[in-house]
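Descriptive analysis of the structure
These are the residues of each chain, in order.
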Amino acid sequence: MSKYLSLLAAGLAIASPTPPPPVGTVITLAAPPYTFFENQFLLANGELLISTLSSPNIFKINPNSPSPSLTVVATFPDADRATGIAPVGLPISGKFAAVGGNENGWILDDPVLNIFKLDGTIVDRIPGPTEPSLLNGLIQLPLKPHILLSADSTNGRIIRWNTQTRTVSTAVTDAALNGDSDPTNPLPLGVNGLKIRGQYLYFTNTFQGTFGRFKIDLLTGAKTGPVEILVQLPLPTGFTNAFDDFTFDSAGNAYVTQHFNSVIKVTPAGVVSVVPGTGTLETPIKTPTSVSVSWDQKWLYVTTGMSEYSSGGVYKIRIAA
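As the structure is a prediction and not an experimental result, all values here were calculated from the model. (Residues numbered from 1 in each chain as written. Predicted model: local features only at pLDDT ≥ 70, side-chain atom pairs only at ≥ 80, totals over all residues. Heavy atoms only, no water.)

Residues at a pLDDT of 70 or more form 95% of the protein chain, whose mean pLDDT is 94. When the criterion is pLDDT under 50, residues 7-13 qualifies, and its contacts beyond four places in sequence or with other chains add up to 0 contacts. (pLDDT = per-residue confidence, 0-100. Contact = heavy atoms within 4.5 Å.)

Have a look at this one:
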């Protein structure tokens, strides 16, 4: 009998599932050399679309694959980089948009909104503003999915793209969106990341060191309420103390990327904490630029840019058991 029980115990031990990694575990998904990953969008199937400032390519990666790898899904003509990514139109259309252009310091020369499909087809190319600008975070209006909003980090405003009329206009201007007009500032960017949750448009401002929100008209993107600052970084900001992009989980917690090496969590009550696995000298999360939450709410997907310490990468961080 004891032999039988021993064999049964051994069998149960073999069949036991692998315990999940502890909270704070950081896994590298991709880290090619000389690559500055900029923005991302989480697809319904759990894969990620990712843009870079190192090429005009949009990449795709499956963060749940045992051997994740980057594949090119679209390449934009007449550009050397791409910034924000967002869906456009109804989900059945299978269309996405990303801004492409050419580097000129903190300006994106010849910005174009490229509308593409995952097979690489470029459906349309809509010219951007004629004024010198850096178009950054990109989001879709939920009630008007053919309208996109883009953060103009240079001019402190939010741009509205109407992909049906192929027109560009200014949706919002406000001092809370402004960057630094001092040409000697090495990081003068104003409004950076954008997200819509409920009736509010949430934003980060890199130069001002703020994470804030204001109510908008969900049909037009126009500002309809005062700015509320939810988090204020110590000033002055710089490459080691600045906000970039952000996202929300299903409970309303915000995850905000913060240079140099952190992702912070902001609860709906305003409690701020550093996400385990980030904020240390040892973390590979250097110069985090964008973040998504997995559909099961257990992982953060984080992209990073290049720094003096490392090339950019794509990582996932365990945030729940």
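Moving on from the coordinates now.
This paragraph deals with the pattern of salt bridges. Pairing between side chains becomes possible if they bear opposite charge and their charged atoms approach one another. Taken as a whole, this structure holds 9 salt bridges when the rule is applied. For D174, the salt bridge goes to K223, with nearest N and O atoms at 3.5 Å. Here D174 is found in the loop between strand 13 (167-173) and strand 14 (191-197), whereas its partner K223 is found in the loop between strand 16 (210-215) and strand 17 (228-232), with 49 residues between them in sequence. The class for D174 is partly exposed, based on a relative accessible area of 22%. Each of D80, R81 and E103 takes part in salt bridges that share partners, so that together they form one network. (Salt bridge = Lys/Arg side-chain N within 4 Å of Asp/Glu carboxyl O. Helix = DSSP H or I, 4+ residues; strand = E, 2+ residues; numbered from the N terminus. Buried < 20%, exposed > 50% of the residue type's maximum accessible area, 1.4 Å probe, protein only.)

Counting residues in each nonpolar core, the largest one holds 17 residues, and the members touching the most others are L149, I158, L177, L194, L201, F203 and F214. Sorting the residues of this core by element identifies strand 10 (135-141), strand 11 (144-152), strand 13, strand 14 and strand 15 (200-205) as the ones contributing at least two each. Broken down by element, this core gets its largest block of residues, 3 residues, from strand 11. Apart from the residues within four sequence positions on either side, L194 is in contact with G137, I139, L149, S150, A151, I158, L201, Y202, F203, D245 and F246. Counting 15 residues, the second-largest nonpolar core is a separate cluster that includes V99, I126, L138 and L148. (Core = buried A, V, L, I, M, F, W, Y, C linked by side-chain atoms within 4.5 Å.)

Attention now goes to the pairing of strand 12 (residues 157-162). With respect to burial, strand 12 is a largely interior element, 6 of its 6 residues being buried. Taking every second residue as pointing to the same face, both faces of strand 12 are buried, with R157, I159 and W161 on one and I158, R160 and N162 on the other. Connecting the antiparallel pair strand 11 and strand 12 is a turn made up of 4 residues, with G156 showing a positive phi of about 60°. The sheet contact formed by strand 12 and strand 13 spans 6 bridges and is antiparallel. Bridging from a neighbouring strand, R157 pairs with T173 of strand 13. (Pairing = 2+ DSSP bridges.)

Take the sheet that holds strand 7 (residues 95-104) next. With antiparallel pairing, 4 strands are arranged side by side in an open sheet as 6-7-8-9. In the strand order of this sheet, the two ends are held by strand 6 (81-87) and strand 9 (122-127), each with one partner. Direction aside, the axes of adjacent strands within the sheet are offset by 25° on average. Strand direction decides the pairing type here: strand 8 (residues 107-117) and strand 9, joined by 5 bridges, are antiparallel. Across the sheet, I115 pairs through a bridge with D124, a residue of strand 9. (Axes fitted to C-alpha atoms, helices over the stretch in contact; angles between N-to-C directions.)

The calculated volume of the largest pocket comes to roughly 1,000 Å³. Listed by contribution, the elements that provide at least two residues to the lining of the largest pocket are strand 2 (37-42), strand 6, strand 7, strand 10, strand 14, strand 18 (242-248) and strand 22 (288-293). Taken together, the residues of the lining of the largest pocket sort by class into 22 nonpolar, 12 polar and 5 charged. Approximately 580 Å³ is the volume attributed to the second largest pocket. Taken together, 28 residues line the second largest pocket, and the ones lying closest to its centre are F36, L53, W106, L187 and F239. (1 Å grid on protein atoms, 1.4 Å probe; cavity = no way out; pocket = protein on both sides within 12 Å on 5 of 7 lines; lining within 4 Å. Points joined across faces, edges and corners; volume = space filled by probe spheres on them. Nonpolar A, V, L, I, M, F, W, Y, C, P; charged D, E, K, R; others polar.)

Our focus in this paragraph is the environment of K117. Relative to the helices and strands, K117 is located in strand 8. Not counting residues up to four positions away in its chain, the partners in contact with K117 are V73, S93, G94, K95 and V123.

With that settled, the discussion passes to unusual backbone geometry. Backbone torsion omega between L235 and P236 reads 0°, so that peptide bond is classified as cis. Look at the link from H259 to F260: it is a cis peptide, with omega at 25°. The backbone of R166 shows a phi angle near 60°, a positive value even though the residue is not glycine. Mapped onto the secondary structure, R166 falls in the loop between strand 12 and strand 13.

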